[in-house]
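Descriptive analysis of the structure
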Amino acid sequence: EAGAGHHHRHGRNDRRRYPEDDRQRSSPLVWMAVILCTLLAIGIIVVGAAVFAVYLIYKPHMPYMVVTNAYLQQLDYSPADGVIRDIQVRADVLARNTNSKVNASFSSFNIDVKFHGTTLLQLRAETFSVARESSVTLPYSGASRGAKLDLAGMRAMEEALRSRVVPITLSGKARTRWRMGIFLKVAFWTRLNCPLSFSYPPGSVMAIDHDTCRSRSP
């Protein structure tokens, strides 16, 4: 009986040892995970601090475009079939870079000239650069012949001709890019939606709201 009791106590000692062995084996893994998480947190803080420092140094501003002037040079409309036989539009679009330390580029530059939702002509430009704290004026001139209006557009055109005020919208976008520091590149779309009112017979545009006719970036 004594032998049996001694064997029984020895068995209990073995059972108590197994959890301790598990904790000893798991401790290095736990510490390794803690170290990795700490290093990751430090890396995120360092990157965030670097980005913030670059922001404070460069103080970036979004490049934008704005319509500064426009003319309706020709409008020949056929009310019988709703066809604009000839329309000629001229517009000056200013691309502006207000950043004090970096140049900016504009690409995928396109503007649609629309009447009541119908695109009459498209204005395009190749990729170009704008130096820091400067601007580039793009003098556009385009013509369209044979654009067909839908019923709503026909009614809108007839009303416009009666009132001698023709509403035309310049709508488009451009991709702006610039660099801050050595590695950080910034790119945004800037979008323009500029409603204009032209006197008729064809002539100069009425007062332009330069805030409304300035492109916006998200």
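My aim in this report is to walk through the structure given alongside it, one point at a time.

What counts, and at which threshold
Residues numbered from 1 in each chain as written. Predicted model: local features only at pLDDT ≥ 70, side-chain atom pairs only at ≥ 80, totals over all residues. Heavy atoms only, no water. Salt bridge = Lys/Arg side-chain N within 4 Å of Asp/Glu carboxyl O. Helix = DSSP H or I, 4+ residues; strand = E, 2+ residues; numbered from the N terminus. Buried < 20%, exposed > 50% of the residue type's maximum accessible area, 1.4 Å probe, protein only. Core = buried A, V, L, I, M, F, W, Y, C linked by side-chain atoms within 4.5 Å. Contact = heavy atoms within 4.5 Å. Phe/Tyr/Trp six-rings, centres within 6.5 Å; stacked < 30°, edge-to-face > 60°. Lys NZ or Arg CZ within 6 Å of the ring centre and 35° of its normal. Expected span 1.5 Å × (residues − 1). Arc of directions from axis to C-beta. Pairing = 2+ DSSP bridges. Patch = residues over 30% accessible without salt bridge, like charges linked within 9 Å, V, L, I, M, F, W, Y side chains within 5 Å. Areas by Shrake-Rupley, 256 points an atom, 1.4 Å probe, with all protein chains shown as cover. Polar contact = N/O pair within 3.5 Å; in protein donor to acceptor, adjacent residues only side chain to side chain.

Tallied over the entire structure, the rule returns four salt bridges. A salt bridge links Arg 124 to Asp 112, with the nearest nitrogen and oxygen atoms 3.9 Å apart. Taken as a pair, Arg 124 in strand β4 (residues 118-125) and Asp 112 in strand β3 (residues 104-115) lie far apart in primary sequence, twelve residues in all. Overall, the relative accessible area of 42% leaves Arg 124 in the partly exposed class.

Cis peptide bonds are those with omega within 30 degrees of zero, and the linkage from Tyr 200 to Pro 201 qualifies with 5°. Note on placement: Pro 201 falls in the segment after β9 (184-199). Although it is not a glycine, His 116 sits at a positive phi angle of roughly 50°. Inspection of the secondary structure assignment puts His 116 in the loop between β3 and β4. With phi around 50°, Glu 133 is a residue other than glycine that occupies positive phi space. Here Glu 133 is to be found in the loop between β5 (128-130) and β6 (134-144).

Ranked by internal contacts, the top residues of the largest apolar core, which has 40 residues, are Val 67, Leu 72, Ile 84, Ile 87, Phe 109, Leu 170 and Leu 196. Beyond its immediate sequence surroundings of up to four residues, Leu 72 is in contact with Ile 87, Gln 88, Val 89, Val 166, Ile 168, Phe 198, Ser 199, Pro 202 and Gly 203.

Before going further, it helps to spend a moment on the side chain of Ser 78. Note that Ser 78 resides in strand β1 (residues 64-78). Ser 78 sits in the buried class, given a relative accessible area of 5%.

Under the counting rule described, the total for this entry stands at four aromatic pairs. Summarising the aromatic geometry, the rings of Phe 106 and Phe 128 are spaced 5.3 Å apart at their centres and angled 5° between planes, so their arrangement reads as stacked. On the criterion of sequence distance, the pair formed by Phe 106 in strand β3 and Phe 128 in strand β5 is long-range, its members being 22 residues apart. Residue Phe 106 is classed as buried on the basis of its relative accessible area, which comes to 0%. Note on Phe 128: relative accessible area 13%, which makes it buried. Members of the aromatic cluster, connected to one another through ring pairs, are Phe 106, Phe 109, Phe 128 and Tyr 140. In this structure, Lys 173 is placed above the aromatic ring of Trp 189, and the distance from its NZ or CZ to the ring centre is 4.5 Å. We note Arg 214 situated over the ring of Tyr 64; from NZ or CZ to the ring centre the distance is 3.7 Å.

Looking now at helix α2 (residues 151-163). If you check α2, its first and last C-alpha atoms are 19 Å apart, about what 13 residues at 1.5 Å a residue would give, namely 18 Å. Every buried residue belonging to α2 is among Gly 153, Met 154, Met 157 and Ala 160, and all of these are buried. End-on view of α2: buried residues confined to an arc of 125°, all on one side of the axis. Of the exposed residues in α2, the ones pointing more than 90 degrees away from its buried face are Leu 151, Arg 155 and Arg 162.

With that settled, consider the pairing of β4. Taken together, the seven bridges between β3 and β4 define a ladder with antiparallel strand orientation. Paired with Ile 111 across the bridge in β4 is Leu 123. Linking two consecutive strands that pair antiparallel, namely β3 and β4, is a turn of two residues; a positive phi of about 50° is found at His 116 within it.

The grouping of Met 32, Ile 35, Leu 36, Leu 39, Ile 42 and Val 46 at the surface amounts to a nonpolar patch, some 600 Å² of accessible area in total. The residue Val 46 is located in helix α1 (residues 2-58) in this model.

Before going further, it helps to spend a moment on the environment of Ser 215. Residue position: Ser 215 is located in the segment after β9. When near neighbours in sequence (up to four residues on either side) are disregarded, Ser 215 contacts Tyr 64, Met 65, Thr 190, Arg 191 and Leu 192. Within the structure, the side chain of Ser 215 is placed 2.5 Å from the side chain of Thr 190, a separation counted as a polar contact.

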